Every structure is written in structure tokens, then in C-alpha cells.
Amino acid sequence: MLGRLGFAGRLMAIVLFALIALWVVGVGWLFLSESREEILSRLFPVPEQVSAIVQLIENAGPAERPLILKAVSSERLHVTLTQERPEASAGTMRRPLAERFFALYLQSLQPRDVIALSPRGRLPRWRDWHLGDYWRSINRSERFAVSLRDSGYVVFETFGATGPRLLGLPPGFGVGLLGALIGMAAVIAIAREARPLRQLSRSLGQFSSDATVAHVKPAGAPEIRNLIAAFNDMQTRISELVRGRTLLLGAVSHDLKTYITRLRLRVERLPEPEQRDKAAGDLDEMTRLLEDALAVSRGGFAAIQRQPVDLRAMLTEIVEDRRQSGARIKAELSHAPLIILGEPTALRRLFINLIENALRFATRCTVRLLPENGVVIAIDDDGPGIPPDARNAVFEPFFRLENSRSRSTGGSGLGLAIVKQIADAHGARLDLSTSPEGGLRVRIAFPQAS
């Protein structure tokens, strides 16, 4: 679960887990540190104490008995006298430990009677509500009466856990509440300290996709401030380097195209038509190579003007154009539009490059929508495919599986590099695998339009 959380989420989870562990240990210690016998021994007075109180009252005169009752009564034990026989509880004590105490009372107070009485009817206050048998046991009152030898009865009423309280709550509960408040304050502080890192992560993601420089305001700890400042400087330097490289290649491409145009005019004057056509074809290939090189130099660093694009309509048009040209290609797409955010011209070039690359090496090609989350397009062919150890290298500029430098057999080695950069600029994931038709499957997973 922690693997799905960010930096701030992980720190918050650690704090929360620590608090939960602390609470579990505290509750466990509360329940395990005392046995049931110890709990009820604090709820019921020991038989020897009850016997001594009864004998003391029996041996005292009527005038001294009120003073004795005050002396033996406390917050947890109230002792009173009554001349009438108290009414016994409708149901005897059903708890085994309570019955054990009454058995001990009967044994130590013979031949006196011990009568179990029902607790006084009262609704517990909100501060007396607790969870668990432990709190219910030690906070309820128990009443029983012991007959005197002369006349009358001594009524004992016990109260559990009447110790000191903080705002009407047990001190342990107050400490736990204080710990929870401290934990919440720690979580808020962690979220505040991690905010610059979240901003840095967003800026880094935006810069890696389209090279848009978005400086982050330094904040947080000194180390985080230094990291943000270094990242801002890195963004500026990389952007300047890429811009300079693009301008240089653009200038070189412009000058070379000027010379190519001159050569094309001279080629038109060649007397032999066959040689003239070959020379013109070479010049056309040189022009396309320059355009591909310039596209790779810009790559994902070109500004992407995102707008809603219907991939279904675009792919249907591309497939239909190739089919009319005699290519064995078909589309298996949904009937509903496939809307993503992107730049239409770049996306069209991406799919054209992939489809033409498949048709160059295979006899048939299928463009289909995969039943996965999001918009996932697969281009399958029945060609020779690409070995698994070369599937990452084919996205590098000028890398070709076919070792000859002929564009008629292997192309320029820039087609898949352009595809990869366009996919990265759109936040799409590009994967190569084996096609169900026996050749290569190119899988492009686009993020859905929000």
C-alpha cells in the first residue's frame, strides 16, 4: 500500500501507524495487565473487610454506628443501615467471579444472610460510557446486604473506577486524545513541509513532457530549497541548450535546402531521363532526411497546443487512405469517439509512421482498440517483428535493425525516434511486443481527456 503513496503520504502513514500501534499497545496493556480477579477485587470489598465492618457495627451502640458508617465509607464503598429487609435482586449474579465473591461472603459471614440487591436505577452519564467489558465492569455499581445478629441490615454499595478525572474523562483517555491531537498536528506539519516537493514533482513532469520552464518558488527546509534552486537552474540551462541546438539545426537545414534546390534545378538539365529521375529521387530523400532530423531535434521540446482529438476518426481516415492505395490493412475500433487531448498534426504523424513502418515489413496490418482502461491503440502486423533485446534500441535516432544504409531497405532510422518523442510529449506510453498475428505489436496507451 505504501508503494502507491507519495512522499507526504508515506510520512503521514508512518505517523498514523505509529499512533495506532501506540493505542493498540496501550489498550492491550490495559486489558492484560490485570486479571478478572484483580478487576473484581477492586469492585468488591474483600470478605474479611466486610466481616470486620459488620462485626464492628454489631458491637457498637446505636449512637456510635453513624460515626462508624462515615469512617468506613469512601468514594468506592458506601455503607448504610436499614431496619427493613431489602428486596433481593430479581436475577442473581450471573457472572462467575461475582458469584465466587458472594460465596466467600456467605462463608465468612455465617450465620448471617447475604442478599444480592439490584443496582440503583439510573442512566449513566455520558462520561461514564466506555467501550469493552472492562470499562462496563469497573464503572457499574454492585449492591448487597448483610443481616445483623440483633436486627437490621448493613447495605454495601460499591462503585468502580472513581479515581481522578480530567474534564470528566479518565486520565488515560485524556492522554490518548492529546496524543491524537499531536499526531494530527504532525500530519499537518508534514503535509506543509512536503508541499514544495509536490510542486517540484509537477514542474519536473511538465518540463520532461514539453520542456516548458516552470520555476518553483524555493520553500521548506534548507536542503529542499537548495534542491529547488538547482532544479530551476537546470531547467533554464537545458531549455537554452535545446533551443540553441534547434536553431542550429534549423539554420543548417535551411542552408542545405537552398543547395538542394540549386541541385534540383541543375538536375533538370541532365540529358538522360533515367539519371535525372534517380538524382531527383536522391534529392527528395535528402530533403526528407533533413526534415526528420529537424523533427528529432525539436522532439518533445516543441510546444504542444493541446486540443480534443478524435482518434477514431483520425485512424479511420488513415487506414482508409492506405487501403485505397492497395495496402492490406483494417481497423477494429469502437463505434464511439475516442477523445484525447493532443496536437492533431503530431498525432497523425505518429500513426502514419507506425502504420507505414508495419506495411513496409509485413503483408497485412491491423489497427485495433484494446479493451483496457483509458485509450489504448495497438498496431499489429504479420512481419518478422523485432527481437526483444532490440525493442528499446529501435527508439534511438539512426538505429536500424537492417545494417545497410539504404533508405529503400531500412529507412533513415528516425521514424520510431520521432514516434517516441511525440508519444512522450503527449504523456502516452509506448510498448513493443509480439503480435497475435505473428509479427510486431506496437501498443500506445494515451491518458484520457479530463
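This write-up is about the structure you can find in this document.

Parameters at a glance
- Residues numbered from 1 in each chain as written.
- Predicted model: local features only at pLDDT ≥ 70, side-chain atom pairs only at ≥ 80, totals over all residues.
- Heavy atoms only, no water.
- Patch = residues over 30% accessible without salt bridge, like charges linked within 9 Å, V, L, I, M, F, W, Y side chains within 5 Å.
- Areas by Shrake-Rupley, 256 points an atom, 1.4 Å probe, with all protein chains shown as cover.
- Salt bridge = Lys/Arg side-chain N within 4 Å of Asp/Glu carboxyl O.
- Helix = DSSP H or I, 4+ residues; strand = E, 2+ residues; numbered from the N terminus.
- Buried < 20%, exposed > 50% of the residue type's maximum accessible area, 1.4 Å probe, protein only.
- Arc of directions from axis to C-beta.
- Contact = heavy atoms within 4.5 Å.
- Axes fitted to C-alpha atoms, helices over the stretch in contact; angles between N-to-C directions.
- Parallel < 35°, antiparallel > 145°, perpendicular 65-115°, else oblique.
- Left-handed = near helix turned anticlockwise from the far one by under 90°.
- Nonpolar A, V, L, I, M, F, W, Y, C, P; charged D, E, K, R; others polar.
- Expected span 1.5 Å × (residues − 1).
- Polar contact = N/O pair within 3.5 Å; in protein donor to acceptor, adjacent residues only side chain to side chain.
- Phe/Tyr/Trp six-rings, centres within 6.5 Å; stacked < 30°, edge-to-face > 60°.

## Describing a nonpolar patch on the surface
Piece 1. There is a patch of nonpolar side chains on the surface, built from L16, F17, I20, L22, W23 and V24 and spanning about 590 Å² of accessible area.
Piece 2. With respect to the helices and strands, L16 occurs in helix α1 (residues 7-32).
Piece 3. Residue class for L16 comes out partly exposed when judged on its relative accessible area of 43%.

## So, the pattern of salt bridges
Piece 1. Here the structure, examined in full by the defined rule, presents 16 salt bridges.
Piece 2. Across the pair E320 and R323 runs a salt bridge, and its minimum N-O distance is 3.4 Å. Of this pair, E320 and R323 both sit in helix α10 (residues 311-324), three residues apart, which is roughly one turn of that helix.
Piece 3. On the basis of relative accessible area, E320 is assigned to the partly exposed category, the value being 33%.
Piece 4. For R323, a relative accessible area of 39% gives the class partly exposed.
Piece 5. The partner of K330 in a salt bridge is E332, and the shortest N-O contact between them spans 3.6 Å.
Piece 6. On the basis of relative accessible area, E332 is assigned to the partly exposed category, the value being 36%.
Piece 7. Because the salt bridges share partners, they merge into one network encompassing K330, E332, R368, D380, E437 and R441.

## Topic: helix α4 (residues 65-72)
One full turn of an α-helix is made of 3.6 residues, so residues set three or four places apart face in the same direction.
Piece 1. Those residues of α4 that sit buried are R65, I68 and L69. Considered in projection along α4, the buried side chains sweep an arc of 100° and stay on one side of the axis. Residues of α4 that are exposed and point over 90 degrees away from its buried face: L67, K70 and A71.
Piece 2. Contact partners of the buried residues in α4: α3 (47-59) and β1 (77-82).

## Thoughts on the packing of α3 against α4
Piece 1. Packing of α3 against α4 brings their axes to within 9 Å, and their N-to-C directions diverge by 160°. By the criterion of interaxial angle, the relationship of α3 to α4 is roughly antiparallel. Between α3 and α4 lies a crossing of right-handed hand. Taken together, the residues of α4 that come into contact with α3 (itself represented by I53, L56, I57 and E58) are R65, I68, L69 and V72.
Piece 2. Within the contact of α3 with α4, the residues separate by chemical class into six nonpolar, no polar and two charged.

## Concerning helix α11 (residues 344-361)
Piece 1. Along its 18 residues, α11 runs 26 Å from first to last C-alpha, staying within 8% of the 26 Å computed at 1.5 Å per residue.
Piece 2. Buried residues of α11: A346, L347, L350, F351, N353, L354, I355 and A358, and no others.

## Section: the side chain of R368
Piece 1. Within the element layout of this structure, R368 appears in strand β8 (residues 365-369).
Piece 2. Of note is the side chain of R368, whose polar atom sits 3.1 Å from the side chain of E332.
Piece 3. There is a polar contact of 2.3 Å between the side chain of R368 and the side chain of D380.
Piece 4. Contacts of R368, omitting those with residues within four sequence positions, involve E332, L333, V376, I377, A378, D380, E437 and R441.

## As for the packing of aromatic side chains
Piece 1. Counted according to the given criterion, the structure contains two aromatic pairs.
Piece 2. Ring plane angle 15° and centroid distance 5.2 Å describe the contact between F144 and F156, whose orientation is recorded as stacked. Taken together, the residues F144 in strand β3 (residues 141-147) and F156 in strand β4 (residues 153-159) connect sequence positions twelve residues apart. The pair formed by F144 and F156 is uniform in burial state, with each residue classed as buried.

## Overview of the environment of H335
Piece 1. One can find H335 in the loop between β6 (329-332) and β7 (339-342).
Piece 2. Note on H335: relative accessible area 77%, which makes it exposed.
Piece 3. For H335 and R312, which are 23 residues apart along the polypeptide, the C-alpha to C-alpha distance reads 8.1 Å.

Fair warning: the whole summary comes from geometry, so function is off the table for now.
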